[in-house]
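Secondary and tertiary structure notes
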Amino acid sequence: MIEAINLSAVELVEQIKQRTIRVLDVMLQVIDRLEEARQLNAFISVDKELILSRAKELDARLSAGDPLPLHGLPINVKDNIDTEDYATTGGTPALVGNHPANNASAVQKLINAGAVVVGKANLHELAYGVTSNNAFFGPVRNSYNHDMIPGGSSGGSAVAVAAGITPIGLGTDTGGSVRIPAALCGVCGYRPSAGRYPEQGIINISHTRDTVGTLARTVEDIRLIDGALTRHGQKETVALENLRIGVPISPFYQQLDKDVAEVIKVALGRLKNSKATLVCADLDGLYELNEKVGFPIVLHETIPDLKKYINSHELPLDVETLIESIASQDVKNIISPLLGEGAIPDFVYQVARDKHRPALQRLYRDYFRNHNLDAIVYPTTLLTARPIGQDASVQLAGCQVPVFSTYIHNCDPSANAGIPSLSIPAGLNTDGLPVGISIDGPAGSDRKILAIGAAIQTILPQIKGPVL
């Protein structure tokens, strides 16, 4: 029998449609893999009977000659995205009993296309962190080294893909929450242009910055899901030798972990050998501007966005109760002050949203235009995975540095600007831990960025998968 866990999403759907493997057999393999990988704690909830029931329905539909675009494709869904068949907890105690009446729009689109939700993935509590060390549901463990973090906040979704449980994960990204775990877990992670994917049915912490994102082992698989979510047909193709790619040493290549720098150096060498034109040009002033945008927006929007979710779902609690019950101290330390003296004033928020964010978007737009660039590339994170439990600080280049700001350092600006950003595996460091490289493009250039990513992935080393 075909081993479904070794196939890409594209290959698996094709095999199902050709009827060389049944959806039921695929799901039985998924269930076996779930058991084999239980120690990774990638999932909060799974319903095996529901999975098998859905598989039988899809097999019957295929027998009737009615295939769907994603027929029988197993996916995992981050547990801050609404699902009818599973509770949506946000990884926090107060929402354990939250059973939404409807699927999130993105989930519904994928189900309509034939995907099967095999469970809700574990995450950093309320998606407010980068380690996925969840104090209530337990830490998610990196499949390459079980003592290490997988990144966050979509840690469970990334681990489930890396471990071969599902070929696709649906996550959310505020300032790197899809791309950081993708980099640390050796998979691809994609944050689309702002507004590209439907956003209804998410526990938002910042409606301006949040977006659904996708995780997969290949860029071609991400393109498959992008097509299902947007209904865009023809995929773009690119030739690397025709591309101009920016390499902004400042601010993205500074303060890198030595092992990360070595892996990225090799990746850039392969890009250069492919005849792509690499343009070294700094993005001057990016971080000074980004700091005026990121935290003022997200910290101001968190409380009203949580209130909106509670009210729209008619939940029997208020936002104060939800925040009081937060189990992860690092999350509580950030959110609790927002109810009082730590709240961001309205005028600070409005200036960040209406002045500084447009200026940041303009900075990127001018950079791409002035240097005639198709994309930029940079290390997704400054460092690889670090041990679980180091929630406040980690070691980088012999110094203790803050966990949160260090891991989001390279991902945050593109999130604030709302431009497309794709992380793909660049290689493994000397400890066998994955390193990611990111590809960003102008706003709205999603199809081209995915085409560029697919082309670049073919010239990078194919990293060895984890051993459970």
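From a predicted model like this one, the values you see are computed outputs, not experimental measurements.

Turning our eyes to something else, we now look at the overall build of the protein chain. Counting its regular elements, the protein chain contains 17 helices and 15 strands. Its C-alpha atoms give the protein chain a radius of gyration of 21 Å, within 12% of the compact-globule value 23 Å for 468 residues. Along the first, second and third principal axes, the C-alpha atoms of the protein chain reach 60 × 55 × 40 Å. Each of the 468 residues in the protein chain was classed as buried or not, and the buried ones make up 61%. Here the protein chain has roughly 17,600 Å² of accessible surface; of this, 49% comes from carbon and sulfur atoms. Charge-centre separation for the protein chain: the mean point of 41 positive side chains lies 6 Å from the mean point of 50 negative side chains.

This brings us to the packing of helix α4 (residues 105–112) against helix α7 (residues 219–230). Viewed as axis vectors pointing N to C, α4 and α7 meet at an angle of 105°, and their least axial separation amounts to 9 Å. When the axes of α4 and α7 are compared, the pair comes out roughly perpendicular. Side by side, α4 and α7 meet where Ala106, Lys109 and Leu110 of the first sit next to Ile225, Ala228 and Leu229 of the second. Its residues assigned to classes, the contact of α4 with α7 comprises 5 nonpolar, no polar and 1 charged.

Right, let's get into the sheet that holds strand β1 (residues 43–45). Taken together, the 11 strands give an open sheet; going across it, the order is β1-β3-β2-β6-β8-β7-β14-β15-β11-β9-β10, and neighbouring strands pair in mixed fashion. Unpaired on one side and paired on the other, β1 and β10 (277–279) mark the two borders of the sheet. Taken pair by pair, the neighbouring strands of this sheet meet at an average axis angle of 30°, ignoring direction. Inspection of the sheet shows strand β11 (residues 375–379) paired to strand β15 (residues 434–440) by 4 bridges, in the antiparallel sense. For Ile376, the partnering residue across the bridge sits in β15 and is Asp440. Across the face of the sheet, α4 comes into contact with β2 (74–78), β3 (116–121), β6 (168–173) and β8 (211–216) while running at roughly 165° to β6. Where helix α14 (residues 346–370) meets the sheet, it contacts β9 (244–246), β11 and β15, and its direction lies at approximately 110° from that of β11.

Attention shifts here to the side chain of Glu125. Along the polypeptide, Glu125 turns up in the loop between β3 and β4 (133–134). In this structure, Glu125 is buried with no salt-bridge partner, the nearest side chain bearing the opposite charge being Lys332 at 8.3 Å. Within polar-contact distance, the side chain of Glu125 engages the side chain of Ser328 at 2.7 Å.

One pass over the structure, following the stated rule, counts 19 salt bridges. Ionic pairing is found between Asp25 and Arg22, a salt bridge with its closest N-O pair at 2.9 Å. Assessed through its relative accessible area of 12%, Asp25 is described here as buried. Among the ionic pairs, Lys48 bridges to Glu35, the shortest N-O distance being 2.7 Å. You can see Lys48 sitting in helix α3 (residues 48–63) and its partner Glu35 sitting in helix α2 (residues 23–36), a full 13 residues away along the chain. According to the relative accessible area criterion, Lys48 is partly exposed, its value standing at 34%. Residue Glu35 is classed as partly exposed on the basis of its relative accessible area of 37%. One continuous salt-bridge network, built from bridges that share partners, spans Glu35, Arg38 and Lys48.

Here we take up helix α11 (residues 294–312). With 19 residues, α11 ought to run about 27 Å at 1.5 Å a step, and its terminal C-alpha atoms sit 26 Å apart, in line with that. Remark: the principal bend of α11, roughly 40°, maps to Thr302, with a proline, Pro304, within the next four residues. Directly beyond the C-terminal end of α11, a positive phi value near 50° is found at Glu314.

Attention now goes to helix α9 (residues 258–273). It helps to recall that an α-helix has 3.6 residues per turn; residues three or four apart then point in one direction. With 16 residues, α9 should cover 22 Å at 1.5 Å per step; its first-to-last C-alpha distance of 23 Å lies within 8% of that length. Among the residues making up α9, those that are buried are Asp259, Val260, Val263, Ile264, Ala267, Leu268 and Leu271. The secondary structure elements touched by the buried residues of α9 are β9, β10, β11, β14 (421–428), β15 and α17 (446–457). Between the side-chain oxygen at the start of α9 and the backbone nitrogen of Asp259 there is a gap of 3.1 Å, and the oxygen is on Asp257. Lys275 sits one or two positions beyond α9 and adopts a positive phi of about 80°.

Time to look at the state of the cysteines. All chains considered together, the criterion is met by 0 disulfides. Looking at the unpaired Cys188, the closest cysteine sulfur is the one in Cys185, lying at 12 Å.

Before going further, it helps to examine the environment of Gly155. Looking at the secondary structure, you find Gly155 in helix α5 (residues 155–162). Look at Gly155 and you get buried, because its relative accessible area is 0%. Sequence separation of Gly155 and Gly171 is 16 residues, and the distance between their C-alpha atoms is 8.9 Å.

Definitions and cut-offs
Residues numbered from 1 in each chain as written. Predicted model: local features only at pLDDT ≥ 70, side-chain atom pairs only at ≥ 80, totals over all residues. Heavy atoms only, no water. Helix = DSSP H or I, 4+ residues; strand = E, 2+ residues; numbered from the N terminus. Rg over C-alpha atoms; globule rule 2.2 N^0.38 Å. Buried < 20%, exposed > 50% of the residue type's maximum accessible area, 1.4 Å probe, protein only. Areas by Shrake-Rupley, 256 points an atom, 1.4 Å probe, with all protein chains shown as cover. Lys, Arg positive; Asp, Glu negative; His and termini not counted. Charge placed at Lys NZ, Arg CZ, Asp CG, Glu CD. Axes fitted to C-alpha atoms, helices over the stretch in contact; angles between N-to-C directions. Parallel < 35°, antiparallel > 145°, perpendicular 65-115°, else oblique. Contact = heavy atoms within 4.5 Å. Nonpolar A, V, L, I, M, F, W, Y, C, P; charged D, E, K, R; others polar. Pairing = 2+ DSSP bridges. Salt bridge = Lys/Arg side-chain N within 4 Å of Asp/Glu carboxyl O. Polar contact = N/O pair within 3.5 Å; in protein donor to acceptor, adjacent residues only side chain to side chain. Expected span 1.5 Å × (residues − 1). Bend = angle between axes of the 7 residues up to and from the residue. Disulfide = S-S within 2.5 Å.

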